Amino acid sequence: MAQDLPRISANVVLPKPSLQKVFDNLRAAGFGLIGPTLRDGAVVLDEISGIEDLPVGWTAEQEPARYRLKQTQSQDYFAYGVTPQSWKKFLFQPRINLFSIEKTDGKWQFKPANETIPLRAFIGVRACELSAIAVQDRVFLSGEFRDPHYARQRERIFILAAHCGRAFSTCFCNSMKTGPKATEGFDLALTELPDTFVMEVGSEMGSEMLRNTSWERASAFDLGRAAQALQKAERSIERQLRTEDLPKLLYENLEHSRWDEVGARCLSCGNCTSVCPTCFCVTVEDTCNLNLTTADRTRLWDSCFVREFSHVHGGNIRPTIRARYRQWLTHKLASWIDQFGTSGCVGCGRCITWCPVGIDLTEEVKAIREKVQR
Amino acid sequence: MSLAPTAVELRMMPDPMLPHRAVVEDVQPEAYGISTFSLVFMDTAQAATYHFLPGQFNMIYLPGFGEVAISISSNPATPQVMGHTIRYAGSVTRAIGRLKVGDTIGLRGPYGSAWPMEKAVGKNVVIVTGGIGLAPLRPALFSILRHREDFGRVVLLYGARTPADLLYTGEFERWQSGGIEVHTTVDLADENWHGQVGVVPALFYRIRVDPKQTVVMTCGPEIMMRFVIYEALARRIPKESIFLSMERNMKCAIGFCGHCQFGPTFICKEGPVLNFAAIEPFFGKEDF
């Protein structure tokens, strides 16, 4: 049965069970599926085999320092908000081997790591997360140096974005202008309605994956319903971060008493940097055999909240938690813009949900803004 | 996504974290716990294309121990042999201190910004350094000596804790006969020291400079540089004419590890040599 395929930027409707056919097409094209699935009391991102692995009917309550799964009567596949972990862990992996070293005839040999990189389809990427990927593209690919490890992973993914049907209490994507609608960077983007998916085609590959899936052109009625769903999601956003003059505000208030206050609450655990979809700090370590004839050089995620992070001979640049929190927040919201031309924050709210003491960066900025001290 | 590299680019994309092999050609003790290691790339093609600017640094990697950022302290006119004056301060530098001539190590670079040699042409140059802070300025001194007529008065103000901690003392005579005024000071004198005792910034009182015609280059402990800048500004030397070399923890030297950030500045990329006017809002901020 020959069927035309939709053009790029076309909108189609797809019956919900037909999503499985999209998955089948992806697998036939060699893509492994990575998507949301229930595990350990959370929705995690991992390999899935089909739509039955998606968290149907599950949602999650998210508040500062609180994340609880909740089952609902709905049959929605993508109602779970943002997952604790972001897609960062696939593109910018927590731990990679950079190279191996061997001593032969008393001389060191450096051997580049042999990476095998699978084709992967990311299922259910949120608008804020697409922005986060775009932010990391700038960090790793736009400068004088480019990270080949990130580049190779990045090149081999397919993105099926899924719009949020509603915001959670820690979300503030519209403040950061990253959502709730996905505008670019996806192959397919779906809006979930109670009875069907409305899907926007973002690339030729996305269109190709709709082959034989019983898609139909979206009617004006369906498009209206999808737009309404997005409006409803946007209206449900409670949290806000005022971004005007934010770099200036923070740079001019580096000695604000609020830093002492938040420094006293912050545990310096680094949860926020782990769950942040854009944080990119790493460290390196060597593991060697006992007689030091072979070694492996490993790159792993680090955090500016780690005490040794800023250690130099003779001391530590940021010995206090106050200094480390200030570094994180000013980097994320201010110096990131100087460095990469974009904010480091996409408004996903993970750092708020997963902070064990519920520190909320939007509150911290508000406190500084309300009582500017110079 | 326009930033995404093409498939061909991906295959060709070198890993900037991968070091090249180098051999220790010479080890020259300079002071207690400080030696200059002269390194040469094993790959002759690598050695032939390598060059560096005064103020830049290399990443030196010792397998099993780790990697450290070390300023290049040798003559930029002979870049095939790269000198690194290293103080044994941590686990990596102590292990480097045990290396012998002929040993191999990993090396990548050069990285970072350079001293503003071109901006200094036709001007007086005041170089103010403390302790091992002289190492990243030694290539600048070599450059000045090579093109001495390009510069006005050139002054080196240099201090160390004790007379035994002064580096490159064997070269002072050559520098002076080449037209560089050398003023030294120590914190703690011994019985053979007849020079000045006191902190480095105090050496400013020894010289008079035309502020509009002077470029200051300084490297040393941050507290020293703060007072050097204070002295320079007190003499109405413009902020734009003051350059300093800063130090931060570094894991990658290519702007990826995040460790060396100083406000918006990556010390590894925009630094280590920075113009004071550009970083003034952040310089000296507590724990920043």
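Residues numbered from 1 in each chain as written. Chains lettered and ligands numbered in written order. Predicted model: local features only at pLDDT ≥ 70, side-chain atom pairs only at ≥ 80, totals over all residues.

Caption draft 1: Up close: the overall build of chain A. Each helix and strand in chain A was counted, giving 12 helices and 16 strands. Relative to its length of 374 residues, chain A is compact, with a C-alpha radius of gyration of 22 Å against a globular reference of 21 Å. Dimensions along the principal axes, computed over C-alpha positions, put chain A at roughly 70 × 65 × 40 Å. Within the span of chain A, comprising 374 residues, buried residues form 47% of the whole. Looking at chain A alone, contacts between residues at least 24 apart form 72% of all its contacts between residues at least 6 apart. (Helix = DSSP H or I, 4+ residues; strand = E, 2+ residues; numbered from the N terminus. Rg over C-alpha atoms; globule rule 2.2 N^0.38 Å. Buried ≥ 20, exposed ≤ 12 C-beta atoms within 10 Å, placed from the backbone. Contact = placed C-beta atoms within 7 Å.)

Caption draft 2: Geometry of helix α12 (residues 361-370) of chain A. All names here are of chain A. Among all positions in α12, only Leu-361, Glu-364, Val-365 and Ile-368 are buried. Mapping the buried residues of α12 onto a view down its axis gives an arc of 95 degrees, with all of them on the same face. Each element contacted by the buried residues of α12 is listed here: α7 (246-251), α8 (257-265), α10 (321-340) and α11 (350-353). (Arc of directions from axis to C-beta.)

Caption draft 3: Main features of the confidence of the model for chain A. Taken as a whole, chain A shows an average pLDDT of 95; of its residues, 99% reach a score of 70 or greater. Taken element by element, chain A is modelled with least confidence in strand β16 (residues 315-316) of chain A, mean pLDDT 90, and with most confidence in strand β8 (residues 120-125) of chain A, mean pLDDT 98. (pLDDT = per-residue confidence, 0-100.)

Caption draft 4: A look at the domain arrangement of chain B. Residues and elements named next belong to chain B. By domain assignment, chain B separates into domain 1 (7-109) and domain 2 (124-245). Taking only C-alpha atoms into account, the centre of domain 1 sits 26 Å from that of domain 2. Every contact between the two is made by 15 residues of domain 1 and, on the other side, 14 residues of domain 2. Going through the elements one at a time, β1 (20-31) and β5 (82-87) are the ones with two or more residues in the side of domain 1 that touches domain 2. Of the residues assigned to the side of domain 1 that touches domain 2, the class counts are 7 nonpolar, 6 polar and 2 charged. (Domains from an automatic or database assignment. Nonpolar A, V, L, I, M, F, W, Y, C, P; charged D, E, K, R; others polar.)

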